[in-house]
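Observations on the three-dimensional arrangement
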Amino acid sequence: MSKLSGISILGYGAYIPMFRIKAAEISRVWGLSESELPVVEKSVNSVDEDTATIAAEAASYAVARAGIDPSKIGAVYVGSESHPYAVKPTGTIVAEVLGVNSRLLSADLEFACKAGTEAMELVTGLVASGMIEYGLAIGADTAQGKPRDALEYTAASGGVAVVIGRSGEGAIADLEYASSYVTDTPDFWRRGHERYPMHGSRFTGAPAYFHHIISAVRMVQEDGYSLEEFDYAVFHQPNSKFPFAVAKMLGIPAKKVEPGVVVNVIGNTYAASSMMGLAKVLDQAKPGEKILMASYGSGAGSDVFIFRVKEGVLAKRNRAPLVSELIERKRYIDYALYLKARGKIRE
Amino acid sequence: MHAIFRPPVNWRHRRFRYGLVVWRCLNCGAVHQYATRICRRCRSNRVAEDRLPDRARLVTLTVVKNPPVSFEKQAPYIVGLVEFEDGTKMLTGITDCEPEELKPGMELERVVRKIAEDGESGLIVYGYKFRPVIKRR
Ligand SMILES: [Zn+2]
């Protein structure tokens, strides 16, 4: 069964590095006409940031909003396609930074852009089973795009964390439904020891992003929900067209998608992408409103969730930076500083 | 190889570097950056675990343009002296700003960042740095 009761988001936190590069600056170097640019600008990590530090900062905001003692957290899962080590978990670094007790479940997850929502599915199951009291699910990335590749315009850095636990006073949103739809679809991949991913170009659309998200949302409908009952729809946002296009195919009005869309100004934060949309919606939603969320990860799959916003969001929202505040905190860099920050200058 | 890259040294200091957890001598006030039962300065056994606050004020700063080995990737970087509410002073990296934006007395907040990397295959050392406050309380 995909329907849940008694499980809530108790805290959430987003983090976006402060550096931005304009898509026009990338096209100044490699050439692409203004009308072809997939976003306006994207976030870039600082030279001293990576997926572990970004995950830790987002998680510290989630714990601050939850207002819980970090030592009661029983699981820390970090989903990313840019873990700093190939072997040595990011989760244990994040847990130690937060001061989480060592009596802990932790692992790093990989499922392209849905690794963070996969962490949410796992933590939900652990809380529902009673194995843990609270769990942290994190999606964070410093995404790689090969110079001159189409992905270079969008591959961005950012992270989002949620604290999931039993419902009660202070709940930010109840988690009413969680499910997932996956198939073996080769739309995007990176082999071991390779620095940059490969992708199937146009193949990343219809059989990949659209098929999986639509199939996941169809499961929600088959399980008795009507799409009209949702006040917000949050989808994975790899560029500024796809989330609106998939909404249109599903008959969801653009105004329900708009509140969670950030890709135009920060790019695609990969494992954090759909979770960033959720965080932005939680920054503004009113108690009682319902949110439909469907992530997408290449390879391929879509995790789908339904949330009902609760009173707790009002008091907790301002305990940590809002997504809009993180978007506004920005500094532009040119392509040379971007190459340095992304470790693309090799000696 | 830098001492901080030796796994035992790196591991012993992690609570200090990640969370500014210190072991303070209640007899002479000496601050230790790793768990110890005996004060290394006065030999007192009255040592208690303490955690320095998440915010501090800037005292002074300098810019490192000729970094030591393993710190090159971040150069030029800012090193500052900060003071906590209780008067404890500490050296720290300062990030997410330009030196011109920093003024003595300015409030800074703690974050955890990459400090150094032992080449492409060795350890990555993480630890505290300070930066201008994002959200005022
Ligand atoms: Zn002493």
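For the structure itself, look to the data block above.
Overview of the structure. Please read all numbers here as calculations on a predicted model, not as lab measurements.

Next up on the list: the overall build of chain B. Helix and strand counts for chain B come out as 2 helices and 8 strands. In chain B, the order of α-helices and β-strands from amino to carboxyl end is α-α-β-β-β-β-β-β-β-β. In summary, chain B has a C-alpha radius of gyration of 16 Å against a globular reference of 14 Å for 137 residues, a match within 12%. On the principal axes, the C-alpha backbone points of chain B span a range of 45 × 40 × 25 Å. Pairs at least 24 residues apart make up 50% of the contacts formed inside chain B by residues separated by at least 6 positions. Of the accessible surface of chain B, which amounts to about 7,500 Å², a share of 51% is contributed by carbon and sulfur atoms. Looking at charge distribution, chain B has the averaged site of its 26 positive side-chain charges lying 7 Å from that of its 16 negative ones.

Before going further, it helps to examine the interface of chain B and chain A. Contacts between the two partners involve 25 residues from chain B and, on the opposite side, 27 residues from chain A. A buried area of about 2,100 Å², summed over both sides, lies between chain B and chain A, and 50% of it is on carbon and sulfur atoms. Between chain B and chain A we count 9 salt bridges in total. Close ionic contact of Glu-101 of chain B with Arg-331 of chain A constitutes a salt bridge, the shortest N to O distance being 2.9 Å. Of all the secondary structure elements, the ones that give two or more residues to the side of chain B that touches chain A are α2 (14–19), β7 (107–117) and β8 (124–132) of chain B. Considered class by class, the residues forming the side of chain B that touches chain A number 10 nonpolar, 3 polar and 12 charged.

Residues and elements named next belong to chain A. Closest axis-to-axis distance for the helix α2 (residues 51–66)/helix α3 (residues 90–98) pair is 9 Å, and the angle between their directions is 45°. The orientation of α2 with respect to α3, classified from their angle, is oblique. As α2 runs across α3, the sense of the crossing is right-handed. Each of Thr-51, Ala-52, Ala-55, Ala-56, Ala-59 and Ser-60 in α2 lies in contact with α3, whose residues at this interface are Thr-90, Ile-93, Val-94, Val-97 and Leu-98. Class assignment of the residues belonging to the contact of α2 with α3 gives a composition of 8 nonpolar, 3 polar and no charged.

Time to look at the sheet that holds strand β2 (residues 19–22) of chain A. All names here are of chain A. Reading across from one edge, β3-β2-β14 is the order of the 3 strands in this open sheet, with mixed pairing throughout. Strand pairing shows two members of the sheet lacking a second neighbour, β3 (41–44) and β14 (331–332), which therefore form its edges. Sheet analysis places β2 next to β3, joined by 4 bridges and oriented antiparallel. In the strand pairing of β3, Phe-19 is matched with Val-44. Helix α1 (residues 23–30) rests against β2 and β3 of the sheet, and its axis sits at about 50° to β2.

What follows is about unusual backbone geometry. Gly-299 of chain A connects to Ala-300 of chain A through a cis peptide bond whose omega is 5°. By secondary structure assignment, the location of Ala-300 of chain A is in strand β13 (residues 299–309). A cis amide bond, omega -5°, links Ala-75 of chain B with the succeeding residue Pro-76 of chain B. Relative to the elements of secondary structure, Pro-76 of chain B occurs in the loop between β4 (55–64) and β5 (77–83). Unusually for a residue other than glycine, Lys-88 of chain A sits at a positive phi of about 140°.

Turning our attention to helix α9 (residues 273–282) of chain A. Structural remark: α-helix, 3.6 residues per turn; residues separated by three or four positions point the same way. Here α9 of chain A lies mainly inside the structure; 10 of its 10 residues are buried. Listed in full, the buried residues belonging to α9 of chain A are Ser-273, Ser-274, Met-275, Met-276, Gly-277, Leu-278, Ala-279, Lys-280, Val-281 and Leu-282 of chain A.

What follows covers the side chain of Lys-129 of chain B. For Lys-129 of chain B, the position within the fold is in strand β8. Take Lys-129 of chain B: its relative accessible area is 8%, and that puts it in the buried class. For Lys-129 of chain B, the side chain forms a polar contact with the side chain of Asp-48 of chain A, separated by 2.9 Å. Apart from the residues within four sequence positions on either side, Lys-129 of chain B is in contact with Asp-48 of chain A together with Gln-74, Thr-92, Gly-93, Thr-95, Glu-109, Arg-110, Val-111, Arg-113, Lys-114 and Ile-115 of chain B.

Residues and elements named next belong to chain A. Counting buried positions along β13 yields 9 of 11 residues, so the element is predominantly enclosed. For strand β8 (residues 173–185) and β13, the ladder comprises 10 bridges, and the chain directions are antiparallel. Each residue of the ladder has a partner; that of Tyr-177, found in β13, is Ile-306. Sheet topology note: the strand β12 (residues 290–294)/β13 ladder contains 5 bridges and is antiparallel. When the sheet's bridge partners are listed, Lys-290 is paired in β13 with Arg-308. In this antiparallel pair of consecutive strands, β12 and β13, the connection spans 4 residues.

All names here are of chain B. Binding of the zinc ion to the protein goes through Cys-25 (SG), Cys-28 (SG), Cys-39 (SG) and Cys-42 (SG), at separations of 2.2 to 2.4 Å. Given 4 donor atoms and angles of 103 to 114° at the metal, the environment of the zinc ion is assigned as tetrahedral. Each donor residue of the zinc ion lies on one chain, and together they are spaced C-x2-C-x10-C-x2-C. What makes Cys-25 buried here is its relative accessible area of 3%.

The rules behind the values
- Every chain begins its residue count from 1, and numbering advances along the sequence as written.
- To label them, take the chains in the order written and letter them from A, then take the ligands in the order written and number them from 1.
- Since the coordinates come from a predicted model, pLDDT governs what is reported: local features require at least 70, and pairs of side-chain atoms require 80 or more to be given and counted, while whole-chain, interface and lining totals use all residues.
- Where side-chain values are given, they derive from all heavy atoms of the structure, hydrogens and water being excluded.
- Only DSSP runs of H or I covering at least 4 residues are called helices, and only runs of E covering at least 2 are called strands; the numbering of each starts at the N terminus.
- It is over C-alpha atoms that the radius of gyration is taken, and the globule rule equals 2.2 Å times the number of residues to the power 0.38.
- Whether two residues are in contact is decided by their heavy atoms, any of which lying within 4.5 Å being enough.
- Residue-level accessible areas treat just the shown protein chains as cover; the underlying method is Shrake-Rupley with a 1.4 Å probe.
- As used throughout, the charge tally considers Lys and Arg to be positive and Asp and Glu to be negative, leaving His and the chain termini uncounted.
- Where a charge lies is defined by one atom per residue type: Lys uses NZ, Arg uses CZ, Asp uses CG and Glu uses CD.
- Put simply, buried area is the surface a 1.4 Å probe can reach on two separate parts but cannot reach once they are joined, added for both.
- Throughout this description, the term salt bridge denotes a Lys or Arg side-chain nitrogen within 4 Å of a carboxyl oxygen of Asp or Glu.
- Residue classes follow a fixed rule: Ala, Val, Leu, Ile, Met, Phe, Trp, Tyr, Cys and Pro count as nonpolar, while Asp, Glu, Lys and Arg count as charged, and any other residue, Gly among them, counts as polar.
- Helix axes use the C-alpha atoms of the stretch in contact, all axes being lines fitted to C-alpha atoms, and the angles between their N-to-C directions lie in the range 0 to 180 degrees.
- Oblique is the label for every angle not falling under 35 degrees (roughly parallel), over 145 degrees (roughly antiparallel), or within 65 to 115 degrees (roughly perpendicular).
- The crossing is said to be left-handed when, going from far helix to near helix, the turn is anticlockwise and less than a right angle, and right-handed when the turn is clockwise.
- By the convention used here, strands pair only if DSSP detects at least 2 bridges between them.
- Throughout, exposure labels follow a simple rule: accessible area from a 1.4 Å probe, protein chains only, divided by the maximum for the residue type, with under 20% read as buried, over 50% as exposed, and the rest as partly exposed.
- Any pair of N or O atoms that falls within 3.5 Å is considered a polar contact. Within protein, one atom must be able to donate a hydrogen and the other to accept it, and sequence-neighbouring residues count only if both atoms are side-chain atoms.
- Because water is not among the atoms used, a metal site may look incomplete, as its donors are only the N, O and S atoms within 2.8 Å, or 3.2 Å for Na, K and Ca.
- Square planar and octahedral sites, with four and six donors, are those where opposite donors lie more than 155 degrees apart and all other angles lie between 65 and 115, tetrahedral sites have four donors with every angle between 85 and 135 degrees, and the rest are irregular.

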